[in-house]
Amino acid sequence: MSRTHGRSPAGRRHATPGRIGRVRRQAVPKPRVVIALLLLLGLVSVMLLDGYLRAEVGNDQRVRSDASASRVPESVLDGGPFLSFEGGTAHTQSVPDKTIVLTFDDGPDPEWTQQVLDILDDNDVPGTFFLVGSMISRYPDVVRRMVDDGNEVGVHTFTHVDLSYQSASRIKREIAQTQLALAGAAGITTTLFRAPYSSTDDAIDNYSWPVYKKLGAMGYTSVFIDTDSEDWQKPGVSKIVKWATPKNGKGASVLFHDAGGNRAQTLKALPQYIENMKAKGYTFTTVSGAQAAQNTPSTPSTPSMRSTQGTPESAPAAPGNALQSNPEQAAHRTADTATRWEGRALLAAVAVAEWTVPGLAAALVVVGIAVLGRFGMMLLLARRHYRQRNRGRFTWGPAVTAPVSVIVPAYNEKECIANTLNSLAASTHPIEIIVVDDGSTDGTAEIAESLGLPNVRVVRQENAGKSAALNNGVRQARCDIVVMMDGDTVFEPDTVHRLVQPFGDPEIGAVAGNAKVGNRNTVIGAWQHIEYVMGFNLDRRMYDLLRCMPTIPGAIGAFRREAVLAVGGMSEDTLAEDTDITIALHRAGRRVVYAEHARAWTEAPASLGQLWRQRYRWSYGTMQALWKHRGSVTDRGPSGRFGRVGMPLVVLFQIVTPVFAPLIDVFTVYAMIFVDLRASLLAWLAVLVVQLVCAAYAFRLDGEKYRYLLMLPLQQLAYRQLMYLVLIHSCVTAATGGRLRWQKLKRTGEVGTPTPGTGVR
């Protein structure tokens, strides 16, 4: 079904070899292809970022336990909870007696952390929060409040992984990304670090020890615990308070959690714990406050946050930027300007992902429901259409036996024109054949004349486009009914007779025939064959019963001549003249129907490049036609019927749904790789089965061989993706105001004259 030529947007131009070459080179405007691909790449990037934040991408759930500590110094294993490496030597510090350092892991959380901060404010005690970078990125406001309230913060990695299993580059990235998020959220970096799944010093092993040494060399103080409330086990408020209480008046670094699950017990235990500790004479401070109380250096040397290449490193900001106003926040550093802006960019990207991915997921649910609803509606209406039109007593009215005019617009169709005209010469219905040669330079007109076929007239015109050629043919026609076809299409002997029978009903103004792919023995041809059979047998049957047929294919369509003239002929306003004329007829009150048994065999594009150019033009032309006739939405009568029934269906299922369809595939691949392979694969297979059922039913209605359906899975994986990109490309062209000129597809002439009863040779 080819739309081989149309009008140049700047007006009609005569084709010259040089101009034709330029048009071919411009057939796929590369900048817009790049934009379409960038949009898809942007979506994938947003999804990967969202998955990374939710620990779906790059997630490593391994946690090491019971490893040897033979290479860890005894002084560290038996030391205090604060480990630093000043001068390259390991030093530990303890919390002073009667002092509590409240530490909280795994936040920030928009629900639980906020309530923890409220409790700390109410009791006038500070806390030290070890933050997960991905959570900082998602909830920066909570971090800002945390710092503004006088609390101290530390790094707890970006994705909460056990660093003892990670490479040096992954460790560096986990720290650097968390520092960037912290800089973007609160304008600071920090020298404090706590490893996920860590506890007391004596839990350091031979695998984690090198990690702490590396971080110590970068200026970090690693913070462990003396006492664990074990609130994560949700043992009850009394046990949380009991387990968090140090013995014999000793000081302690105490672990609580402000995120990572339901922390209702923690919220109940925390104020009670603070009250009990104060009653025992304890004071509360931060890690830096405890270090200062021991009269030891509280600000270990800290190299620059930036490497010599200007990229973020895993260490905090330079020592000269320490915040001196609050000794309990001595570990904080003012982030430099570049780091703050990088952090803000990270937060902005995360915000986009946080809104985009859930929004797209919701949209995909709607699209999925719509697609399944469409499949169901197509099957029901296609069955009803088939039973209605194939009943023994069904008739359109009096048999149409009067001669009709067949218009064949041709531009450089030397490979196909002979087959086309020979197929028409075998017609069982009386016809006159009008070949309108649109300025061909390959001898198409001469070939048509040399055949010496009866009732064939060759009309020559300067190159003006397909619409002009068809209009010229309508003016030249001597019959009341005109059949329009492409110059690369062949008819079966009874095609014309079957096509014009619906005109026995005076309400009918036009008829769409059944276009078939003739060159289906290639992979691309087989894919298009599946598409054509499903499109014509299901879509067109549905649209026929709903009386809102959107397109009469250029390969095979019949019209009342006066109806075409009444709407002004074939318009040159769009690149989809067949869709344009069909909608115009609807708006004029003419009924358009589908004649399933009137078959035409067309040569589909044989290469991906030709297929791209053809479908790009179709998609863009359809958008133009819909935009041109947008007024039908508010019209009354037949025009309004199409505008409020047909147009929404076309927009939803030929533009919106296909645009979102790549997202379904991207989400499916994402889920297979990062979420649940089995469930995602089963969901994809279920959709494939639904499509296979629809395709099989369409093939059954059309009497096609089922073997081509073996190509359906591969079509879903490859061909469909190409069609998505074409549609996105068309949308980008429409959005950017681009214009598209006609393209002439290369033909081989391999679709020969049909043999009665067998289809195509």
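Quick notes on the rules
- Residues numbered from 1 in each chain as written.
- Predicted model: local features only at pLDDT ≥ 70, side-chain atom pairs only at ≥ 80, totals over all residues.
- Heavy atoms only, no water.
- Pairing = 2+ DSSP bridges.
- Helix = DSSP H or I, 4+ residues; strand = E, 2+ residues; numbered from the N terminus.
- Axes fitted to C-alpha atoms, helices over the stretch in contact; angles between N-to-C directions.
- Expected span 1.5 Å × (residues − 1).
- Bend = angle between axes of the 7 residues up to and from the residue.
- Buried < 20%, exposed > 50% of the residue type's maximum accessible area, 1.4 Å probe, protein only.
- Contact = heavy atoms within 4.5 Å.
- 1 Å grid on protein atoms, 1.4 Å probe; cavity = no way out; pocket = protein on both sides within 12 Å on 5 of 7 lines; lining within 4 Å.
- Points joined across faces, edges and corners; volume = space filled by probe spheres on them.
- Nonpolar A, V, L, I, M, F, W, Y, C, P; charged D, E, K, R; others polar.
- Polar contact = N/O pair within 3.5 Å; in protein donor to acceptor, adjacent residues only side chain to side chain.
- Core = buried A, V, L, I, M, F, W, Y, C linked by side-chain atoms within 4.5 Å.

Asker: What is the right way to read the sheet that holds strand 16 (residues 481–485) from this model?
Answerer: Consider a sheet: its strands pair through backbone hydrogen bonds, and that pairing is either parallel or antiparallel. Read across the sheet, 8 strands follow the order 15-14-13-16-19-18-20-17 without closing on themselves; strand pairing throughout is mixed. Of all strands in the sheet, those with a lone pairing partner are strand 15 (456–461) and strand 17 (489–491), marking the two edges. When the angles between neighbouring strand axes are averaged without regard to direction, this sheet yields 30 degrees. Inspection of the sheet shows strand 13 (residues 404–410) paired to strand 14 (residues 431–438) by 7 bridges, in the parallel sense. Considered in strand 14, the bridge of S405 is made with E432.

Asker: I'm lost on helix 10 (residues 264–279) in this one. Help?
Answerer: Three or four residues apart is the spacing at which side chains of an α-helix point the same way, because the helix has 3.6 residues per turn. Between its terminal C-alpha atoms helix 10 stretches 24 Å, which fits the 22 Å expected from 16 residues at 1.5 Å a residue. Roughly 25 degrees is the biggest bend found in helix 10, and it falls at L270, with proline P271 one to four residues downstream. Inspection of helix 10 places T266, L267, A269, L270, Y273, I274 and M277 among the buried residues, and these make up the whole buried set. Tucked into the core, helix 10 has its buried residues touching strand 3 (99–107), helix 4 (112–123), helix 9 (237–244), strand 10 (252–257) and strand 11 (283–285).

Asker: In this structure, what is going on with the pairing of strand 16? I would like to understand it.
Answerer: Along a regular strand, successive side chains alternate from one face of the sheet to the other. Among the 5 residues that make up strand 16, 5 are buried, leaving the element largely enclosed by the rest of the structure. Where strand 13 meets strand 16, 3 bridges bridge the pair, whose relative direction is parallel. Within the sheet, the bridge partner assigned to S405 lies in strand 16 and is V482. Pairing between strand 16 and strand 19 (residues 556–560): 5 bridges, direction antiparallel. Across the sheet, residue M485 finds its bridge partner in strand 19, namely I556.

Asker: What's the story with empty space enclosed by the protein in this structure? I'm lost.
Answerer: The gaps of empty space that remain are located by a probe, the size of a water molecule, rolled over the atoms. Summed over all chains, the structure comprises 4 cavities of 30 Å³ or more. Estimates place the volume of the second largest cavity at around 90 Å³. Lining the second largest cavity are 13 residues, with L470, M484, P553, G554 and M570 sitting closest to its centre. Among the elements of the structure, helix 15 (466–476), strand 16, strand 19 and helix 19 (577–587) are those that each provide at least two residues to the lining of the second largest cavity. When the residues that make up the lining of the second largest cavity are grouped by side-chain class, the tally is 8 nonpolar, 2 polar and 3 charged.

Asker: Help me understand the side chain of Q528 in this model?
Answerer: Take Q528: it is sitting in helix 17 (residues 523–546). Judged by its relative accessible area of 0%, Q528 falls in the buried class. For Q528, the residues in contact, after removing those within four places along its chain, are V517, A604, P605, L611, Q614, R615 and Y719.

Asker: What's the story with the environment of T444 in this structure? I'm lost.
Answerer: Relative to the helices and strands, T444 resides in helix 14 (residues 444–450). Taking relative accessible area as the criterion, T444 reaches 1% and is therefore assigned buried. When the C-alpha atoms of T444 and K414 are compared, they prove to be 4.8 Å apart, with 30 residues separating the residues in sequence. Excluding residues that lie within four positions of it along the chain, T444 makes contacts with A410, N412, E413, K414, I417 and D437. From its side chain, T444 meets the backbone nitrogen of E413 in a polar contact 2.8 Å long.

Asker: Could you clarify how one ought to interpret the nonpolar core in this entry?
Answerer: The tendency in soluble globular proteins is for nonpolar side chains to be buried as a group. If you look at the biggest cluster of nonpolar residues, it comprises 94 residues, and the most contacted ones within it are L424, V483 and F559. The element that contributes the greatest number of residues to this core is helix 17, accounting for 9 residues. Ranked by size, the runner-up nonpolar core spans 52 residues in total, among them L102, V142, V147 and F158.

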